[in-house]
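# Remarks on the overall topology
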Amino acid sequence: MDRQVSSRSSARVSQRSTINQLPQELIVIIFRLCLDSKEPVKVLKRLALVCPLWKAIVKGTPSFWTNIKAADGIKHARNAIKKTGELPIDLTLETSDSISVAWFLAAFSEKVSHWRSVKLSFEALPTSFGGLQTSACHSLEKLNLTWDGWEPGLSTSRLTLFDGGPAPTGLKDLFLWGTPVELTPMGLSKLSSLVLVDVPYIAMDDILFILLNSPTLITLDLRGLGDLGFPEHIVGLPVLLESLFACTFHLPIRLIRFLLSAIHAPSLRRLELGVTCEMEDDFDGSSIFSPPVSEFEPTLTKLLSTAGHIEVTFDDLDLSITFGGLKIFLESSGVDSEGPQYLRNVLDSLMGYSGGEGTGPRIHMHLDAVDPTIEELLIFNKSPAVERLTLSEQFGSDSIPKSAVEALGTPAAPGLGGWLFPELEVIDWNVNLDVLDKLETALDKRYSTQQAYADEHQCPRRSRELRFVSSYTMKMGPVDLEGLQNRLRVLARGARVFLRNALVDVGTPV
């Protein structure tokens, strides 16, 4: 046994010695690949324990120590700052950290000219932001200020950064969540990413100034800026943003329409619109795109052209449409009754940009822990047809789309569109199999009636696939596999059956 242990130990020493013969620059690259982005300090400590050479490399490589997090402790932070030399440093403080913002930034005040990125999250708005309120942090490229404790209606004054003068010329990424910052004197320009969420005291003029001076903007995200208003001075519109790739607006419809008309983004590939419900007038049946926003039409057509299918989602928080590179959210709260019809109106207007009715992609509908009425579902019974239906429940939620399942086996009243989703071909069952009997009953009614119709076009299409895709399907306790197979055989009626993406042989169709 001692001989075996000695042999293994010798092998490890030999292997380490071989690695140590590599050029030190290559060892540094290997170490960097080993670093965990979440806990790099732990990895560095382990590497330093291997041998004297590795310890020297770890301690003597400044770039290993430039990412300084408050979570690693102030002792480590002060030790790390000594090793960074003249390299730029990245500072991170989270709400859960026990160190205050003012104290954390003060610990690195001597290196303020080397700050490359600063990410701060806090529960209470700090009274001081240290070096960020001076012009000394001229190397700053990324700034992220997140006020986790912000609530609508909180009265607070705006922060003045950079001695009230222009922002550092290298600042490319600005992220503000709830933090009231005086933007005008910063003269922001040349940004590649701008994210403003729930930031008070922002004016549309501020936004347009940034857009006009940041033609290379790649990401734009504006959410919760209900007081944005319209600009007092409209100059140089529409703004040409040739590099803009992803755009998010969660705003009142009137502001979304204005911004879409004010921006020309020929390279846009992702657009997310969240419709807030601040005014009842927004839900009078008009759509975001109706009447058309003419300046945005070419970009919209390009976004929709990438669609393989259209996703329509009902869940307990909002309703949404995903159509190619376009995603539209409609908050459920306050618009429960109008929401499905409004979403239908939006979809109708979008179809006009993708070839009109009868052409283009079909719908994949998701019912996620909600149970809409058959009247709400029948709104989507016209073109484009619903071809796939996913029924889901959520952990801890008692809401299961039982009414929707029953509706599949219930012919609608005359004038309401006939059978629900007559061209449905794929059903994803993301619900406990304990309630599988409801699906069995519905499909039996849906397909056994086909013999009664002389006109086959009055019959709903038979399913092509049934997919039982979630871990919820396994919440049945002991499973009678033979009995389950018999049930699936009857249920399938020739459709392919999948359990967790594995094709199941259910035998001869019934």
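About the criteria used
- In every chain, residue numbers begin from 1 and rise along the written sequence.
- Owing to the predicted nature of the model, reporting of local features is limited to residues with pLDDT of at least 70; listing and counting of side-chain atom pairs is limited to 80 or more, with chain, interface and lining totals taken over all residues.
- Neither water nor hydrogens contribute to the side-chain values; these are computed over all heavy atoms in the structure.
- Numbered from the N terminus, helices here are DSSP runs of H or I no shorter than four residues, and strands are runs of E no shorter than two.
- Contact definition: two residues touch when any of their heavy atoms are within 4.5 Å.
- Summary of the burial criterion: residues with accessible area below 20% of their type's maximum are buried, those above 50% are exposed, and those between are partly exposed, where the area comes from a 1.4 Å probe applied to protein chains only.
- Strands qualify as paired when DSSP identifies two bridges or more between them.
- Definition used for salt bridges: Asp or Glu carboxyl oxygen within 4 Å of a side-chain nitrogen of Lys or Arg.
- A pair of aromatic rings is counted whenever rings of Phe, Tyr or Trp (Trp by its six-membered ring) have centres within 6.5 Å, and the orientation is called stacked for planes under 30 degrees apart, edge-to-face for over 60 and tilted otherwise.
- Geometrically, a charge over a ring is one whose NZ (Lys) or CZ (Arg) sits within 6 Å of the ring centre while staying within 35 degrees of the ring normal.
- Like-charged residues within 9 Å of one another, or nonpolar side chains (Val, Leu, Ile, Met, Phe, Trp, Tyr) within 5 Å, are grouped into patches, provided each residue has over 30% relative accessible area and no salt bridge.
- Accessible areas in this description were obtained via Shrake-Rupley with a 1.4 Å probe; residue shielding takes into account the shown protein chains only.
- Throughout, the arc means the angular range of directions from the helix axis out to the C-beta atoms.
- Angular values range over 0 to 180 degrees, each being the angle between N-to-C directions of two axes fitted as lines to C-alpha atoms, with helices fitted over their stretch in contact.
- In this scheme, roughly parallel covers angles under 35 degrees and roughly antiparallel covers those over 145, while 65 to 115 is roughly perpendicular and the rest are oblique.
- Take the buried Ala, Val, Leu, Ile, Met, Phe, Trp, Tyr and Cys residues and link them wherever side-chain atoms come within 4.5 Å; each set so joined is a nonpolar core.

The subject of this paragraph is the environment of Glu 423. Among the structural elements, Glu 423 can be located in the loop between α12 (402–408) and β17 (426–430). Note: C-alpha distance between Glu 423 and Ala 385 (38 residues apart in sequence) is 6.4 Å. Filtering out sequence-adjacent residues up to four positions away, Glu 423 remains in contact with Arg 362, Ala 385, Val 386, Glu 387 and Arg 461.

Where burial is concerned, most of strand β12 (residues 310–315) is hidden: five out of the six residues are buried. Two elements, β12 and strand β13 (residues 318–323), share five bridges in a ladder whose sense is antiparallel. Considered in β13, the bridge of Glu 311 is made with Thr 322. Pairing between β12 and strand β15 (residues 363–368): six bridges, direction parallel. Looking across to β15, one finds that Asp 315 is bridged to Asp 368.

Tallying each qualifying case throughout the model produces 15 salt bridges. In this structure, the salt-bridge partner of Asp 428 is Arg 388, at a minimum N-O distance of 2.8 Å. Of the two residues, Asp 428 is situated in strand β17 and Arg 388 in strand β16 (residues 386–392); the sequence distance between them amounts to 40 residues. The exposure class of Asp 428 is buried, given its relative accessible area of 4%. Among the charged side chains, a salt-bridge network with shared partners connects Arg 362, Glu 423, Glu 425, Arg 461, Arg 464, Glu 465, Arg 467 and Arg 496.

Right, let's talk about the packing of aromatic side chains for a bit. Counted by the stated rule, this structure contains six aromatic pairs. Between Phe 31 and Trp 54, the ring centres sit 5.0 Å apart and the planes meet at 70 degrees, which makes this aromatic pair edge-to-face. Of this pair, Phe 31 sits in helix α2 (residues 24–34) while Trp 54 is found in helix α4 (residues 52–60), placing the two residues 23 residues apart along the sequence. You'll find Phe 31 and Trp 54 in the same group, each marked buried. Between the aromatic rings of Phe 122 and Phe 129, the centroid separation amounts to 5.7 Å while the plane-to-plane angle is 70 degrees, which identifies the pairing as edge-to-face. Summarising the burial analysis for this pair, Phe 122 and Phe 129 share the class buried. Here the basic side chain of Lys 83 rests over the ring of Trp 65, its NZ or CZ set 5.0 Å away from the ring centre.

The buried fraction of strand β6 (residues 193–197) amounts to five of the five residues, a majority that puts the element mostly inside the structure. With burial as the criterion, each face of β6 is covered, one bearing Ser 193, Val 195 and Val 197 and the other bearing Leu 194 and Leu 196. Pairing analysis gives five bridges linking strand β5 (residues 173–177) to β6, with the strands arranged parallel. If you follow Asp 173 over to β6, its bridge partner there is Ser 193.

Bringing a nonpolar patch on the surface into the picture now. On the surface, a nonpolar cluster with roughly 500 Å² of combined accessible area is contributed by Ile 19, Leu 22, Leu 26, Ile 29, Ile 30 and Leu 33. The element that contributes the greatest number of residues to the nonpolar patch is α2, accounting for four residues. Turning to its location among the elements, Leu 26 is positioned in helix α2.

Here we come to helix α3 (residues 40–48). In an α-helix, one full turn covers 3.6 residues, which means residues spaced three or four apart are oriented alike. Along α3, the residues that are buried comprise Pro 40, Val 41, Val 43, Leu 44, Leu 47 and Ala 48. End-on view of α3: buried residues confined to an arc of 160 degrees, all on one side of the axis. In α3, those exposed residues whose orientation departs by more than 90 degrees from the buried face are Lys 45 and Arg 46. Against the buried residues of α3 lie α2, α4 and α5 (74–83).

All right, on to the packing of α2 against α4 then. With their axes 11 Å apart at the nearest point, α2 and α4 run at an angle of 75 degrees to one another. Overall, the two elements α2 and α4 adopt an arrangement that is roughly perpendicular. In contact with Gln 24, Ile 27, Val 28 and Phe 31 of α2, α4 contributes Trp 54, Ile 57 and Val 58.

It is worth spelling out the nonpolar core at this point. If you look at the biggest cluster of nonpolar residues, it comprises 144 residues, and the most contacted ones within it are Trp 115, Leu 120, Leu 132, Phe 249, Phe 289 and Met 365. Broken down by element, this core gets its largest block of residues, seven residues, from helix α8 (residues 253–262). The contacts of Phe 289, once residues within four sequence positions are left out, are Arg 257, Leu 260, Leu 273, Phe 296, Leu 300, Leu 326, Ile 328, Ser 349, Leu 350 and Tyr 353.

It is worth stressing that arrangement in space is one thing and function is another; only the former is reported here.
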